[in-house]
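# Secondary and tertiary structure notes
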Amino acid sequence: DHLSWRFLARSLAKQQRYTEAIAANNKAIELLPYHVDYIFEKIGTLIAAKKYPEALSELKKLEVRQYRRSDRPFDLINMRYQLHTQQNTNDEFLAFLASYEVQATGYTSELKGDALFRLQRIQLALESYLEARKLGGGTPELEDKIKTTERALGSKE
């Protein structure tokens, strides 16, 4: 039963038994190969286990499939963001955002600002945060990020 394997994988991942969790994820996916939520859960487990190349490989498979869900349009972006944040590969995340066909939203502009801020591109980060404010749909922390970035920009001058 694919659901049993899915829930077993979740339980094992919560216990940080990642090798076993990934095996259970694989079994659930084997039983129901096109259930994208199972694939995302596996990717999340791979990221938690610090198996970044494998996580990126799985993400790229979904990208090739041109995965888009109208009710959850940011799934791939969120997973890419988690992966690149963990690896401190913010330039790669920015390149992904530039190549990914998604309409600019407050949320995506905020994530772009986060990556730019971590890269110490403070002025560009502020511009992205202000764009996020204008577009709407950012996180509740957006205003704090704007203030922090403005302070950081002021201290650089």
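Scroll up a little and you will see the structure.
Here's what I pulled together on the structure shown here. No experiment lies behind these values; they were computed from the predicted model shown.

### Some thoughts on the packing of helix 3 (residues 36-48) against helix 5 (residues 75-87)
One can describe the packing of helix 3 onto helix 5 by two numbers: an axis separation of 10 Å at closest approach and a directional angle of 10°. As judged from the angle between their axes, helix 3 and helix 5 are roughly parallel. Residue-level inspection shows F40, I43, G44 and I47 of helix 3 in contact with helix 5, the latter providing D75, L76, M79, Q82, L83 and Q86. Taken together, the residues that form the contact of helix 3 with helix 5 break down as six nonpolar, three polar and one charged.

### Digging into the environment of K134
Here K134 is to be found in helix 8 (residues 122-135). The exposure class assigned to K134 is exposed, which follows from its relative accessible area of 65%. Separated by 29 residues in the primary sequence, K134 and T105 have C-alpha atoms spaced 9.2 Å apart.

### So, the packing of helix 3 against helix 4 (residues 52-64)
Put simply, helix 3 and helix 4 touch, their axes get as near as 8 Å, and they point 160° apart. As summarised for this structure, helix 3 and helix 4 are arranged roughly antiparallel, according to the angle between their axes. Handedness of the crossing formed by helix 3 with helix 4: left-handed. When helix 3 is examined against helix 4, the residues V36, I39, F40, K42, I43, L46 and I47 are found in contact with a partner set consisting of Y52, E54, A55, E58, L59 and L62. The class makeup of the residues in the contact of helix 3 with helix 4 is 10 nonpolar, no polar and three charged.

### Considering the pattern of salt bridges
Enumeration according to the criterion identifies 11 salt bridges in this entry. The residue R17 makes a salt bridge to E20 at a minimum N-O spacing of 2.8 Å. Of the residues examined, E20 reaches a relative accessible area of 39% and is grouped as partly exposed. K27 is the salt-bridge partner of E30, the closest N and O atoms lying 3.3 Å from each other. With E30 and K27 both in helix 2 (residues 18-31) and three residues apart, the pair spans about one turn of that helix.

### Here we look at the environment of L119
Structurally, L119 is set in the loop between helix 7 (106-118) and helix 8. L119 sits in the partly exposed class, given a relative accessible area of 25%. Along the chain, L119 and S99 lie 20 residues apart, while their C-alpha atoms are 19 Å from each other.

### Topic: helix 8
Along its 14 residues, helix 8 runs 20 Å from first to last C-alpha, staying within 8% of the 20 Å computed at 1.5 Å per residue. All buried positions along helix 8 are accounted for by I122, A125, L126, S128, Y129 and A132. Taken down its axis, helix 8 places every buried residue within 160° of arc, on the same side. Positive backbone phi, at 80°, marks G136, one or two positions downstream of helix 8.

### Overview of the packing of aromatic side chains
In total, this model carries three aromatic pairs according to the counting rule given. With a centroid separation of 5.4 Å and an interplanar angle of 55°, the aromatic rings of F74 and Y107 are classed as tilted. You can see F74 sitting in the loop between helix 4 and helix 5 and its partner Y107 sitting in helix 7, a full 33 residues away along the chain. An angle of 35° between the planes, with centres 6.4 Å apart, marks the rings of F93 and F96 as tilted. Of this pair, F93 and F96 both sit in helix 6 (residues 90-99), three residues apart, which is roughly one turn of that helix. By relative accessible area, which is 5% here, F96 ends up buried. An aromatic cluster is built from Y81, F93 and F96, whose rings are joined through pairwise contacts.

Thresholds applied
Residues numbered from 1 in each chain as written. Predicted model: local features only at pLDDT ≥ 70, side-chain atom pairs only at ≥ 80, totals over all residues. Heavy atoms only, no water. Axes fitted to C-alpha atoms, helices over the stretch in contact; angles between N-to-C directions. Helix = DSSP H or I, 4+ residues; strand = E, 2+ residues; numbered from the N terminus. Parallel < 35°, antiparallel > 145°, perpendicular 65-115°, else oblique. Contact = heavy atoms within 4.5 Å. Nonpolar A, V, L, I, M, F, W, Y, C, P; charged D, E, K, R; others polar. Buried < 20%, exposed > 50% of the residue type's maximum accessible area, 1.4 Å probe, protein only. Left-handed = near helix turned anticlockwise from the far one by under 90°. Salt bridge = Lys/Arg side-chain N within 4 Å of Asp/Glu carboxyl O. Expected span 1.5 Å × (residues − 1). Arc of directions from axis to C-beta. Phe/Tyr/Trp six-rings, centres within 6.5 Å; stacked < 30°, edge-to-face > 60°.

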